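Results of the structural survey
Residue-level listing of the chains:
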Amino acid sequence: MLRLKVLATLAALAMLAVPTARAEQPHPFAGHRQVTVMSQNLYLGTDLNPIFAAANPFALFAAVGAAWGQVQANDFPARAEVIADQIAAAKPDLVGLQEATLYRTDFPPDGPATPATTLAYDYVALLVDALAARGLAYEPVSVFTGTDVELPAGLPPTLDVRFTDRIALLARTDEKTADLKLSNARSGTYPTALTVNTALGQLTAPRGWTSVDVKIRGKTFRFVNTHLEAFSATVRNPQAAELLAGPAATDLPTVVVGDFNSGPGLDLGAYGILLSGGFSDAWPGGPGLTCCHRNDLHDANALTKRIDLVFTSGGFETVSADVVGEQLGDRTSSGLWPSDHAGVVATLRLP
């Protein structure tokens, strides 16, 4: 009997000691803080240069009509299905989208006098719906709205087309990302912006960024998505500095993705500013070409430069990185490339 009491006492003491022993153990996931991120320019669907270059209102309306025809021919609903396949294959936790365009129309055409509200294409909603059809839950957690302009389309005009340029930050929200906690979602406009003289007057085209703070297994980092100016280095380079002074001005480890319109072997301005500002290019080596296909998305393969990038600061290690959507088999059934840009996916480890 005495022996049984002693054994029972020892067992009870052992049970009391278990919580203390477990509390002293390191977090079981502390060495595996990995996150997969993606950057994808969705392509607005047409070339804006003929619109900017139109010499008079009639030429402008004709250029807008031609551009609207090309947007429809470039069929974003079909392209969204292919991009959704790429996301489904990579399963990124966070996705930065550029040229996440919203198109609306209005009739009769009267320019901005009556704001167009009839939805034609919402690129973000179309992509999120295509992902949902594949059983993937992604939601926009931060959206920046830049240029928002409405013009008559056609000669004579048959309707108004309203173009709204956006960038969007998507986060995966299903149970597989339970270890990622999101907070402090923000967006902002760069103080420096392009101004363009058009046949109807001066147009200002703001650019900006979106961000969110992400807690992964006990440690927090900031994820930023951006699209720097495409048409002018004298605008783009200050925007890179404004990025460093804005959403990237944090003590948190940081990941910045986007279309920078600057990169190695090309225009090093904005790219160099970010490197000198403490960021590292997460690309592990090799060409990594991401831009650009023809406006009609029907070329054989015209990628010649790397401007869609992933930058990191704060000790991130690149586990893997890949360009996606650049293979001939990635095109739609009608032969369209998913975008005029390939996407970039990177898996990163945070110590």
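Quick note: structure is the one above.
Residues numbered from 1 in each chain as written. Predicted model: local features only at pLDDT ≥ 70, side-chain atom pairs only at ≥ 80, totals over all residues. Heavy atoms only, no water.

Focus on the overall build of the protein
Each helix and strand in the protein was counted, giving seven helices and 16 strands. Counting over 351 residues, the protein shows a buried share of 49%. Restricting to contacts in the protein with at least 6 residues of sequence separation, those with at least 24 account for 76%. With an accessible surface of roughly 15,300 Å², the protein has 57% of that area assigned to carbon and sulfur atoms. (Helix = DSSP H or I, 4+ residues; strand = E, 2+ residues; numbered from the N terminus. Buried < 20%, exposed > 50% of the residue type's maximum accessible area, 1.4 Å probe, protein only. Contact = heavy atoms within 4.5 Å. Areas by Shrake-Rupley, 256 points an atom, 1.4 Å probe, with all protein chains shown as cover.)

Digging into the packing of aromatic side chains
For any two aromatic rings, the description comes down to two numbers: the centre-to-centre distance and the angle of the planes. In this structure the tally under the stated criterion is ten aromatic pairs. Ring geometry for Trp-68 against Tyr-103: centres 5.4 Å apart, planes inclined by 55 degrees, an arrangement best described as tilted. Residue Trp-68 is found in helix 3 (residues 57-73), and its partner Tyr-103 is found in strand 3 (residues 102-106); the two are separated by 35 residues along the sequence. With respect to class, Trp-68 is no different from Tyr-103; both count as buried. Each ring, one from Tyr-103 and one from Phe-163, has its centre 5.9 Å from the other, and the planes form 45 degrees; the classification is tilted. Of this pair, Tyr-103 sits in strand 3 while Phe-163 sits in strand 6 (residues 159-172), placing them 60 residues apart in sequence. Joined through ring pairs, the aromatic side chains of Trp-68, Phe-76, Tyr-103, Tyr-121, Tyr-123 and Phe-163 make up one cluster. (Phe/Tyr/Trp six-rings, centres within 6.5 Å; stacked < 30°, edge-to-face > 60°.)

Observations regarding the sheet that holds strand 7 (residues 180-189)
Strand order in the open sheet made by the six strands is 7-10-11-12-14-13, with mixed pairing throughout. Either end of the sheet is taken by a strand with one partner, and the two such strands are strand 7 and strand 13 (280-281). As paired strands, strand 10 (residues 208-216) and strand 11 (residues 219-227) are joined by eight bridges and run antiparallel to one another. Across the sheet, the residue bridging to Ser-211 is Val-224, located in strand 11. Contacts from helix 7 (residues 269-276) reach strand 13 and strand 14 (308-313), with the element oriented near 15 degrees to strand 14. (Pairing = 2+ DSSP bridges. Axes fitted to C-alpha atoms, helices over the stretch in contact; angles between N-to-C directions.)

Let's talk about the environment of Leu-180
Summarising the element assignment, Leu-180 is placed in strand 7. Accessibility expressed as a relative area gives 15% for Leu-180, which makes it buried. Along the sequence, Leu-180 and Val-35 sit 145 residues apart, while their C-alpha atoms lie 8.9 Å from each other. Apart from residues no more than four positions distant in its own chain, Leu-180 is found in contact with Asp-93, Val-214, Lys-215 and Ile-216.

Quick look at unusual backbone geometry
Residues Leu-155 and Pro-156 are joined by a peptide bond in cis, for which omega reads 0 degrees. Position of Pro-156 relative to the elements: it lies in the loop between strand 5 (138-153) and strand 6. A cis amide bond links Cys-291 to the next residue, Cys-292, at an omega of 0 degrees. By the secondary structure assignment, Cys-292 is in the loop between strand 13 and strand 14. Of note, the phi angle at Asp-75 is positive, near 45 degrees, even though the residue is not glycine. With respect to the helices and strands, Asp-75 occurs in the loop between helix 3 and helix 4 (76-90). At Arg-217, a position not held by glycine, the phi torsion is positive, near 50 degrees. Inspection of the secondary structure puts Arg-217 in the loop between strand 10 and strand 11.

Coordinates in, geometry out; function isn't part of it.
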